Amino acid sequence: VSKKIQAIYLWWHKPVIDQELLQSLPNLKVIANSGAGMDHLDLELVASFGVKMANAPHAVSSSTADTGMALLLASARRLVEGYHIAISSDMEYCEADFLGVEVTGATLGIIGMGSIGYKIALRAKAFAMNILYHNRTQRKEQEEQAVSATYCKKIDNLLQQADFVMVVVSLTPQTHKLIGKRELELMKPTATLINISRGAVVDQEALVTALQTGVIRAAALDVTYPEPLPRDHALLKLKNVIITPHLGSKTDKATYMITEEAVENILAALKGLPMPSEVLPS
């Protein structure tokens, strides 16, 4: 049936798109991805076969922004630690010095102000947070004013001021290990790092050291590399880390919307019409 296949819908990075598969499908016109991130695809290779590509950024933006805020709040108020205390067999009372940190009025630094980053800013505004952001391009003035966000042209300025740093960028060669030892040391010792982008955007070994030595207060990660981490990984042994299994867009509604967006892109490509969410090689 290889000559009949004109479209592929990728679900959770499957099937694997490599040269062998592309060569075996001479009439393939479009590949639609079930999510926003495209780092699992060789965009140049796919484009060289004349195949168009699309992602689903609109379908995942709200659910992923919700996940980012959930991680921020859970880390700030030590919800996972508190849960284990509450269900422990010897629980009598919670220690008076089991303290979290305040979210309301704190400074949130958002690295990557695309559709997900902007929706995080909208949510953070409801918590009266002071919002800073770093992005390749500055948002329009009215967009900044709508969420009371301040643009930081240099990432260093954001890192030095933020109480919470939320990483929401795509994984590219330019963003690989964007947050490393130097960046972590620029952060406040009371700061929390939240990563909802891709694991490899953060240097995990540098993060382990920073968390062990008090360079930063805590981290909340929905993404790691690899996924899942080896069961003996140092991150799994630290109390000041929350790790979730890439839950970002995993809601019933988002899953349905992802499929709808993929189908819309596929049908447009097959009809020779502009795709709503086309992705071009950089």
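Basis of the calculations
Residues numbered from 1 in each chain as written. Predicted model: local features only at pLDDT ≥ 70, side-chain atom pairs only at ≥ 80, totals over all residues. Heavy atoms only, no water. Helix = DSSP H or I, 4+ residues; strand = E, 2+ residues; numbered from the N terminus. Buried < 20%, exposed > 50% of the residue type's maximum accessible area, 1.4 Å probe, protein only. Pairing = 2+ DSSP bridges. Axes fitted to C-alpha atoms, helices over the stretch in contact; angles between N-to-C directions. Contact = heavy atoms within 4.5 Å. Parallel < 35°, antiparallel > 145°, perpendicular 65-115°, else oblique. Left-handed = near helix turned anticlockwise from the far one by under 90°. Nonpolar A, V, L, I, M, F, W, Y, C, P; charged D, E, K, R; others polar. Domains from an automatic or database assignment. Buried area = accessible area lost by both parts, 1.4 Å probe. Salt bridge = Lys/Arg side-chain N within 4 Å of Asp/Glu carboxyl O. Polar contact = N/O pair within 3.5 Å; in protein donor to acceptor, adjacent residues only side chain to side chain.

Some details on unusual backbone geometry
Cis peptide bonds are those with omega within 30 degrees of zero, and the linkage from Lys14 to Pro15 qualifies with 0°. Look at the link from Glu227 to Pro228: it is a cis peptide, with omega at -5°. Tracing the backbone through its elements, the reader meets Pro228 in the loop between β9 (218–221) and β10 (241–243). Positive phi values are uncommon outside glycine, yet Lys177 reaches one of about 55°. Structurally, the position occupied by Lys177 is in the loop between β7 (164–167) and α8 (181–186). Exposure remark for Lys177: the relative accessible area of 38% places this residue in the partly exposed category. With phi around 55°, His246 is a residue other than glycine that occupies positive phi space.

A closer look at the sheet that holds strand β8 (residues 192–195)
Taken together, seven strands build an open sheet; the order of strands is β6-β5-β4-β7-β8-β9-β10 and the sheet is parallel. In the strand order of this sheet, the two ends are held by β6 (149–151) and β10, each with one partner. Along the sheet, successive strands turn relative to each other by an average axial angle of 15°, direction set aside. Sheet analysis places β8 next to β9, joined by four bridges and oriented parallel. Within β9, the position partnered with Leu193 by the bridge is Ala219. The sheet contacts of helix α5 (residues 115–125) involve β4 (107–111), β5 (130–134) and β7, and relative to β4 the element is tilted by about 170°.

Description of the packing of helix α3 (residues 57–76) against α5
Interaxial distance between α3 and α5 falls to 8 Å at its minimum, and their mutual angle equals 45°. Relative to α5, α3 is oriented oblique. For the crossing formed where α3 meets α5, the hand is right-handed. Residue-level contacts link Pro57, Val60, Ser61, Ser62, Thr64, Ala65, Asp66 and Met69 of α3 to Ser115, Ile116, Lys119, Ile120, Arg123 and Ala124 of α5. Taken together, the residues of the contact of α3 with α5 break down into seven nonpolar, four polar and three charged.

Side note on the sheet that holds strand β1 (residues 7–10)
As summarised here, the arrangement of the three strands in space is β1-β2-β3, forming an open sheet in which the pairing is parallel. One side of each edge strand has no neighbouring strand; the edge strands of this open sheet are β1 and β3 (52–54). If you compare each strand with its neighbour and ignore which way they point, the axes differ by 15° on average. Sheet topology note: the strand β2 (residues 30–33)/β3 ladder contains three bridges and is parallel. Bridged to Ile31 within β3 is Met53.

Describing the domain arrangement of the protein
Often, the extent of an interface is quoted as the loss of accessible area on bringing the components together. For the protein, the assigned domains read domain 1 (2–59 + 250–279) and domain 2 (61–243). Here the C-alpha centroids of domain 1 and domain 2 sit 30 Å apart. Around 530 Å² of area is buried between domain 1 and domain 2 when both sides are counted, 39% of it from carbon and sulfur atoms. Counting across the interface, domain 1 meets domain 2 through one salt bridge. Between the two partners, domain 1 and domain 2, sit three residue pairs in polar contact (both at pLDDT 80 or more). No other element matches the three residues that α3 contributes to the side of domain 1 that touches domain 2. Split by residue class, the side of domain 1 that touches domain 2 holds three nonpolar, three polar and one charged.

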